[in-house]
Amino acid sequence: MDAECRILKAIVSALQSNSFYRLKKAWAAVPKDRMLMFEGLSDIFSDHNNHLTSRELLMKEGTSKFANLDSSVKENQKRTQRQLQLQKDMGVMQGTVPYLGPCLPDLTMLDTALQDYIEGGLINLEKRRREFEVIAQIKLLQSACNSYCMTPDQKFIQWFQRQQLLTEEERRLYGHS
């Protein structure tokens, strides 16, 4: 999947280059639905504010079928379970593998930017509320993939088991402890 994403990014980047951008007649011949798809992919792969875009896309794709933050966590979990059971019954399991990369910097930023206590030694409830929102998003992503049915790929398992572990020296060189 990673290779496919890199190829897609390369294609989108090439289409965004000046050489292609100047082909006005060619772009005019592209059907509107394809242009909308290209613009959407351009936004996803954009270098501008990519952290925000990645997080929004992750939440939209990972939880849109199941939940939203306006409902209570318990209600979201029930709805998620019902949707997953329906998908399972129909023999169709889909979803997004939750990549936590966009969520963790948010927690780090909240932890460093906001004080734990406010004037008078009181707990900073605004900080805790915002941390809860991020953690609730993570929980939604986790519950959305709880019931995935994945069939092991034997070729991958065999390849993976043949891989050699890094030596202690290699681990130090690559920054792994």
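Every chain is numbered independently, its residues counted from 1 as its sequence is written. Note on the predicted model: pLDDT of at least 70 is required for a residue's local features to be given, and 80 or more for side-chain atom pairs to be given and counted; whole-chain, interface and lining totals, by contrast, use all residues. The basis for every side-chain value is the complete set of heavy atoms in the structure, and neither hydrogens nor water enter the calculation.

1. Quick look at the overall build of the protein
Working step 1: From N to C terminus, the protein includes ten helices and two strands.
Working step 2: Helix and strand assignments come from DSSP, with helices taken as H or I runs of at least 4 residues and strands as E runs of at least 2, each series counted from the N terminus. The linear arrangement of helices and strands in the protein, starting from the amino end, is α-α-α-α-α-α-α-β-β-α-α-α.
Working step 3: Buried residues in the protein amount to 19% of all 177 residues.
Working step 4: Contact criterion: two residues are considered in contact whenever any of their non-hydrogen atoms come within 4.5 Å of each other. If you take every contact in the protein between residues at least 6 apart in sequence, the share linking residues at least 24 apart comes to 58%.
Working step 5: Here, Shrake-Rupley sampling with a 1.4 Å probe gives the accessible areas, and only protein chains in the shown set may cover a residue. Carbon and sulfur atoms make up 58% of the accessible area of the protein, which totals about 13,800 Å². When accessible area is computed with a 1.4 Å probe and restricted to protein chains, residues below 20% of their type maximum are described as buried, those above 50% as exposed, and intermediate ones as partly exposed.

2. Here's the deal with the confidence of the model for the protein
Working step 1: You can read pLDDT as the predictor saying how much it trusts each residue, on a scale of 0 to 100. In the predicted model, the protein carries a mean pLDDT of 76, and 64% of its residues have values of at least 70.
Working step 2: At the level of individual helices and strands, the protein shows its lowest average pLDDT in helix 6 (residues 73-90), which scores 59, and its highest in strand 2 (residues 122-123), which scores 96.
Working step 3: Below a pLDDT of 50 lies the segment residues 66-70, which in the model reaches 18 contacts outside its immediate sequence neighbourhood of four places, other chains included.

3. Structural notes on the side chain of Lys-127
Working step 1: Within the fold, Lys-127 resides in helix 8 (residues 125-144).
Working step 2: The class of Lys-127 is buried, set by a relative accessible area of 0%.

4. A word on the pattern of salt bridges
Working step 1: Just to be clear on terms, a salt bridge is a Lys or Arg side-chain nitrogen sitting within 4 Å of an Asp or Glu carboxyl oxygen. Under the defined criterion, the tally for this structure stands at seven salt bridges.
Working step 2: The salt bridge partner of Lys-127 is Asp-116, with a shortest N-O separation of 2.5 Å. On the criterion of sequence distance, the pair formed by Lys-127 in helix 8 and Asp-116 in the loop between helix 7 (103-113) and strand 1 (117-118) is long-range, its members being eleven residues apart.
Working step 3: Of the charged contacts in the structure, one is a salt bridge between Glu-131 and Arg-128, with a shortest N-O distance of 2.8 Å.

5. Brief notes about helix 7
Working step 1: Listing the buried residues of helix 7 in full gives Cys-103, Asp-106 and Leu-110. With its buried residues spanning 60° around the axis, helix 7 presents them on a single face. The arc in question is the one spanned by the directions pointing from the helix axis to the C-beta atoms.

6. Concerning the packing of aromatic side chains
Working step 1: Think of it this way: a Phe, Tyr or Trp ring, Trp meaning its six-membered ring, pairs with another when their centres are within 6.5 Å, and the plane angle makes it stacked under 30 degrees, edge-to-face over 60, tilted otherwise. For the structure shown, the criterion picks out four aromatic pairs.
Working step 2: Between the aromatic rings of Phe-156 and Trp-159, the centroid separation amounts to 5.6 Å while the plane-to-plane angle is 40°, which identifies the pairing as tilted. With Phe-156 and Trp-159 both in helix 9 (residues 154-162) and three residues apart, this pair spans about one turn of that helix.
Working step 3: Overall, the relative accessible area of 46% leaves Phe-156 in the partly exposed class.
Working step 4: Using a relative accessible area of 42% as the deciding quantity, one classes Trp-159 as partly exposed.

7. Let's talk about the packing of helix 7 against helix 8
Working step 1: Every angle, taken between N-to-C directions, lies between 0 and 180 degrees, and every axis is a line fitted to C-alpha atoms, over only the stretch in contact when it is a helix. Between helix 7 and helix 8, the least distance of the axes is 10 Å, while the angle of their chain directions is 170°. Relative to helix 8, the element helix 7 lies roughly antiparallel. Together, Cys-103, Asp-106, Leu-107, Leu-110 and Asp-111 of helix 7 and Lys-127, Arg-130, Glu-131, Val-134, Ile-135 and Ile-138 of helix 8 make up the contact between the two elements.
Working step 2: Considered class by class, the residues forming the contact of helix 7 with helix 8 number six nonpolar, no polar and five charged. Each angle gets one of four labels, with under 35 degrees taken as roughly parallel, over 145 as roughly antiparallel, 65 to 115 as roughly perpendicular, and the rest as oblique. Residues are sorted three ways: Asp, Glu, Lys and Arg are charged, Ala, Val, Leu, Ile, Met, Phe, Trp, Tyr, Cys and Pro are nonpolar, and all the rest, Gly among them, are polar.

8. Structural notes on a nonpolar patch on the surface
Working step 1: For patch detection, residues must exceed 30% relative accessible area and be free of salt bridges, and they are connected within 9 Å for like charges or within 5 Å for nonpolar side chains (Val, Leu, Ile, Met, Phe, Trp, Tyr). On the surface, a nonpolar cluster with roughly 350 Å² of combined accessible area is contributed by Tyr-117, Ile-123 and Leu-125.
Working step 2: Counting through the fold element by element, Ile-123 comes out in strand 2.
Working step 3: We classify Ile-123 as partly exposed; its relative accessible area is 47%.

9. Side note on the environment of Asp-111
Working step 1: Within the secondary structure, Asp-111 sits in helix 7.
Working step 2: The exposure class of Asp-111 is partly exposed, given its relative accessible area of 45%.
Working step 3: Taking C-alpha positions, Asp-111 is 8.3 Å from Glu-131, a pair spaced 20 residues apart along the chain.

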